[in-house]
Amino acid sequence: MRKNIAAGNWKMNLDLDAGKKLASEVINMTADEVSNDAEVILIPPFLHITSIKQLAGSSKNVFVGAQNCSNEASGAFTGEISVEMLKSVGVDYVVVGHSERREIFGEDDALLAAKTKAVLAGGLKPIFCCGEKLESRESDQHFAINKEQIEKGIFGLSKEEILKVVIAYEPVWAIGTGVTASSDQAQEMHAYIRGLIADKYDQETADSISILYGGSVKPGNAEELFSQPDVDGGLVGGASLKSRDFVDIIKAF
Ligand code: PEP
């Protein structure tokens, strides 16, 4: 059955000392306080990954992710990081298609499909993000937009491959805004996405894939969101930068 996951995307925040302090606090507090079997993924900037992985080494349920990767294997791609490099420092998950990558860095569906393939080919697990902008929701295009992102991004995968993918539904209007999708809105879209997977693959496959919600998840709303039948956890930005808040979110399952 699918896993409950709390993933903390630090984005471009925290220097190395601050990142190590945050990770140590989360790892220790999780060991002391969390009784559920949720998987915790810390997603620091590339530079901090080796140190954070060392800190997480002894923990059985804390994993480390990267925020991005190249679709290329190696070569003259100044400033890029390959999947093999991430694997060599112990990364478990790679975020693909965060809305900030789509919007600010112009990453399109074809590139994101290539990145997803590269992550899987390297033996790592993609956290594939989709989500609509406010104008799409207001014009009732939100299902169509998410369908298109999912179809173009991950429906070229085999059944064996898609079973290794974690999906994160992140409505752009809720990311970093303090505005959270209601639990009904999140459940409605998660059920829709799971239905797309069932139609394309089969129900068992759809039921095995974790679908996370992202967009202003906080300790105060995590429990209600995570209690929805098709919401298997959260991809958390701002609240993952405070150990107390993030651990309270992990405890919300
Ligand atoms: C995110 O970074 O993916 C995110 C959802 O951010 P926040 O929780 O701050 O809205």
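Going by the structure above, here's the rest.
Residues numbered from 1 in each chain as written. Predicted model: local features only at pLDDT ≥ 70, side-chain atom pairs only at ≥ 80, totals over all residues. Heavy atoms only, no water.

Burial along strand S6 (residues 166-169) is two-sided: the face carrying Val166 and Ala168 and the face carrying Ile167 and Tyr169 are both buried. Examined bridge by bridge, strand S5 (residues 125-130) and S6 share 4 bridges and lie parallel to one another. Residue pairing across strands places Ile127 opposite Val166, the latter belonging to S6. Bridge count for S6 against strand S7 (residues 211-214) is 3 bridges, and the pairing is parallel. Directly across from Ala168, in S7, lies its bridge partner Leu212. (Buried < 20%, exposed > 50% of the residue type's maximum accessible area, 1.4 Å probe, protein only. Helix = DSSP H or I, 4+ residues; strand = E, 2+ residues; numbered from the N terminus. Pairing = 2+ DSSP bridges.)

All buried positions along helix H2 (residues 49-56) are accounted for by Ile49, Ser51, Ile52 and Ala56. Looking straight down H2, one finds that the buried residues subtend no more than 165 degrees of arc, so they occupy a single side. The inward-facing, buried residues of H2 contact helix H1 (16-33), strand S2 (39-43), strand S3 (62-66) and helix H3 (83-88). (Arc of directions from axis to C-beta. Contact = heavy atoms within 4.5 Å.)

Okay, the site of the ligand next. Around the ligand there are 14 residues in total, and Lys11, Glu170, Gly176, Ser216 and Gly237 lie nearest to it. One of the backbone nitrogen or oxygen atoms of Ser216 is found 2.8 Å away from an oxygen atom of the ligand. Within the backbone of Gly238, an N or O atom sits 2.8 Å from an oxygen atom of the ligand. Protein coverage of the free-state accessible area of the ligand, which is 290 Å², stands at 95%. Applying the majority rule of atoms within 2 Å of the grid points places the ligand in the second largest pocket. (Near = heavy atom within 4 Å. Polar contact = N/O pair within 3.5 Å; in protein donor to acceptor, adjacent residues only side chain to side chain. Areas by Shrake-Rupley, 256 points an atom, 1.4 Å probe, with all protein chains shown as cover. 1 Å grid on protein atoms, 1.4 Å probe; cavity = no way out; pocket = protein on both sides within 12 Å on 5 of 7 lines; lining within 4 Å. Sits in = over half its atoms within 2 Å of the grid points.)

A separate point is the layout of surface pockets. In this structure, the largest pocket occupies an estimated 350 Å³ of space. Together, 14 residues line the largest pocket, and Lys11, Met12, Gln67, Arg101 and Phe105 are the ones closest to its centre. In terms of residue count, helix H4 (residues 99-104) provides more of the lining of the largest pocket than any other element does, 3 residues in total. Classifying every residue of the lining of the largest pocket by side-chain character gives 7 nonpolar, 4 polar and 3 charged. Taken together, 17 residues form the lining of the second largest pocket, with Gly176, Ser216, Val236, Gly237 and Gly238 sitting closest to its centre. When the residues that make up the lining of the second largest pocket are grouped by side-chain class, the tally is 5 nonpolar, 9 polar and 3 charged. (Points joined across faces, edges and corners; volume = space filled by probe spheres on them. Nonpolar A, V, L, I, M, F, W, Y, C, P; charged D, E, K, R; others polar.)

It is worth spelling out helix H7 (residues 142-154) at this point. If you check H7, its first and last C-alpha atoms are 18 Å apart, about what 13 residues at 1.5 Å a residue would give, namely 18 Å. Taken as a whole, H7 has its buried residues at His142, Asn146, Gln149, Ile150, Gly153 and Ile154. The arc that holds every buried residue of H7, seen down its axis, measures 95 degrees, which confines them to one face. (Expected span 1.5 Å × (residues − 1).)

Attention now goes to the pattern of salt bridges. Applying the stated criterion across every chain yields a total of 20 salt bridges. Its salt-bridge partner being Glu100, residue Lys11 comes within 2.7 Å of it at the nearest N-O pair. Within this pair, whereas Lys11 is found in the loop between strand S1 (5-9) and H1, its partner Glu100 is found in helix H4, the two being separated by 89 residues in sequence. Taking the shortest distance from any N to any O, the salt bridge between Glu161 and Lys117 comes out at 3.3 Å. Of the two residues, Glu161 is situated in helix H8 (residues 159-162) and Lys117 in helix H5 (residues 109-121); the sequence distance between them amounts to 44 residues. With relative accessibility at 37%, the residue Lys117 sits in the partly exposed group. In the salt-bridge network here, residues are joined through shared partners; they are Arg2, Arg194, Asp230 and Asp232. (Salt bridge = Lys/Arg side-chain N within 4 Å of Asp/Glu carboxyl O.)

So far we have only geometry, and geometry alone does not tell us how the molecule works.
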